Amino acid sequence: MDTTMKKLPPKPVTAKSRAIKWGGWIISIAIIIWSCTGIDFGGIKPTAGQITGAMFNGLFHPDWSYVYNGSGEDLVSQLWQTLCIAFLGTFISAIISVPFAFWAANTRHKKFWVSESGKIVLTFIRSFPEIVLALMFIKAVGPGAPAGALALGLHSVGMLAMLFSEAIESLDDGPAEAITAAGGSKFNVAVFATMPDLMPAIVFNTLYRFDVSVRSASVLGLVGAGGIGYPLIIALNYRQWSRVGIILLGIIVMVVVIDWISGAIRKKLV
C-alpha cells in the first residue's frame, strides 16, 4: 500500500476570490488617502534645517558630565528610578493578575458568561493608555514615581491577566482531575496542580511585560510621573541637545541590557 502523501493541486482562483482581494486593496488604499486628507500640514518651517543640525550635533556630542554628579538628578539616578518604577509596576500587576486570570479562563467555569465577563473587564482595563492613567494618578497622589508605578501596574493587569488566562486554558487537566478524584477541593487543585504548572508561564510573561514597562516608564516621565522622561522633556523644551543626546543614549543602553537579561532568562524557561 502506497503511504506517500500526494501533493494537493493548488486551489483554483475564482472570480469571486479575485474580486474580494482587489476590493480589499482598493478599500485599504482609499482609507489611507482619506486619512491623509485630515492632516493639516502647514509646510516645513524656515528654521527646520538649523534646528535639525543642532539636534544631530547634540546627539553626536552628548553631555558626559550629566552621567553622574551625585546630585540625585543625574542620568544614572534617573535611569535607576525608571527601572524601579517599571519593576514595581510589573510586580504589582503580576500579583493582581492571577485572580483575574482564573476569572477570565473559560476552562475554569461551567457557565460561559462568567469567563466572558472577566475578559470584558480585562479589555476595559487595557483600553486606558498608561499616560492617561498616569495623569489620573498624578491628580490622586501627586507627581512623581508613585503615580508612574500605579499607572503601569493598573495598565499591565489587563495584558498580563489575559496572557495568564490563556496559559491556564492550555494546561493539562490530568493533575487537576487526579486531585479532584482523591477528594481535593478547588483550593487544593489550584495550589497543588494549577499553580505549579502555571508558574513558568507567569514568570515568562512577567519578564516580557517588564521589558515593555521599562520603555513605558521612560515615556511616563514626560507627563510628570517620575523617571528619565522628566529631564528629557526639560532638555527638549530648553533645546539642550547635548543633554538630550546623553539621555537618549542612556535609555538605549538600559533597554538593550534589560532586554538581553530578560531574554536570557526566558530562554531558560522554554
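Just so we're clear, the structure is a prediction, and the values are computed from it rather than from any experiment. (Residues numbered from 1 in each chain as written. Predicted model: local features only at pLDDT ≥ 70, side-chain atom pairs only at ≥ 80, totals over all residues. Heavy atoms only, no water.)

Visitor: Would you mind showing me how to read the overall build of the chain here?
Guide: For the chain, the helix and strand inventory stands at 10 helices and zero strands. In terms of overall size, the chain is more extended than a compact globule, its C-alpha atoms giving a radius of gyration of 25 Å where 270 residues would be expected to give roughly 18 Å. With respect to the three principal axes, the spread of C-alpha positions in the chain is 75 × 60 × 40 Å. Burial status across the chain gives 34% buried among its 270 residues. A separation of at least 24 residues holds for 72% of the contacts in the chain among residues at least 6 apart in sequence. A total accessible area of about 17,400 Å² is found for the chain, and carbon and sulfur atoms account for 71% of it. On the chain, the mean spot of the 21 positive side-chain charges and the mean spot of the 15 negative ones are 9 Å from each other. (Helix = DSSP H or I, 4+ residues; strand = E, 2+ residues; numbered from the N terminus. Rg over C-alpha atoms; globule rule 2.2 N^0.38 Å. Buried < 20%, exposed > 50% of the residue type's maximum accessible area, 1.4 Å probe, protein only. Contact = heavy atoms within 4.5 Å. Areas by Shrake-Rupley, 256 points an atom, 1.4 Å probe, with all protein chains shown as cover. Lys, Arg positive; Asp, Glu negative; His and termini not counted. Charge placed at Lys NZ, Arg CZ, Asp CG, Glu CD.)

Visitor: In this structure, what is going on with the environment of Val98? I would like to understand it.
Guide: Examined against the element boundaries, Val98 turns out to sit in helix α3 (residues 75-104). The residues contacting Val98, other than those within four sequence positions of it, are Phe164, Met195 and Ile202.

Visitor: For this particular structure, what's the right way to read the UniProt feature "transmembrane region" (unreviewed entry) in the chain?
Guide: Residues annotated by UniProt as "transmembrane region" (unreviewed entry) correspond here to residues 20-41, 79-105, 219-238 and 244-265. For the annotated span residues 20-41, helix accounts for 77% and strand for 0% of the residues, and the straight-line distance between the end C-alpha atoms is 34 Å. (UniProt positions renumbered as here; feature names shortened; annotations may be inferred.)

Visitor: Looking at this model, I keep getting lost on unusual backbone geometry. Mind explaining?
Guide: A negative phi angle is the norm for most residues apart from glycine, just as the trans form is the norm for most peptide bonds. The backbone phi angle of Arg239 is positive, close to 55°, even though this residue is not glycine. Inspection of the secondary structure assignment puts Arg239 in the loop between α9 (229-237) and α10 (241-269).

Visitor: Can you walk me through the packing of α3 against helix α6 (residues 145-169) in this structure?
Guide: Relative placement of two packed helices is described by the angle separating their axes and the distance separating the axes. With their axes 5 Å apart at the nearest point, α3 and α6 run at an angle of 40° to one another. One element, α3, and the other, α6, form an angle in the oblique class. In the crossing of α3 with α6, the sense of the turn from one axis to the other is right-handed. Considered class by class, the residues forming the contact of α3 with α6 number 18 nonpolar, nine polar and one charged. (Axes fitted to C-alpha atoms, helices over the stretch in contact; angles between N-to-C directions. Parallel < 35°, antiparallel > 145°, perpendicular 65-115°, else oblique. Left-handed = near helix turned anticlockwise from the far one by under 90°. Nonpolar A, V, L, I, M, F, W, Y, C, P; charged D, E, K, R; others polar.)

Visitor: Before we go on, may I ask you to explain the packing of helix α8 (residues 186-220) against α10 in this structure?
Guide: Across the interface, α8 lies against α10 with an axial gap of 10 Å and an inter-helix angle of 175°. With respect to α10, the element α8 is oriented roughly antiparallel. Contact residues: α8 offers Pro200, Val203, Phe204, Leu207, Tyr208, Phe210, Asp211, Val214, Arg215 and Ser218, while α10 offers Ile251, Met254, Val255, Ile258, Asp259, Ser262, Ile265, Arg266 and Leu269. The class makeup of the residues in the contact of α8 with α10 is 13 nonpolar, two polar and four charged.

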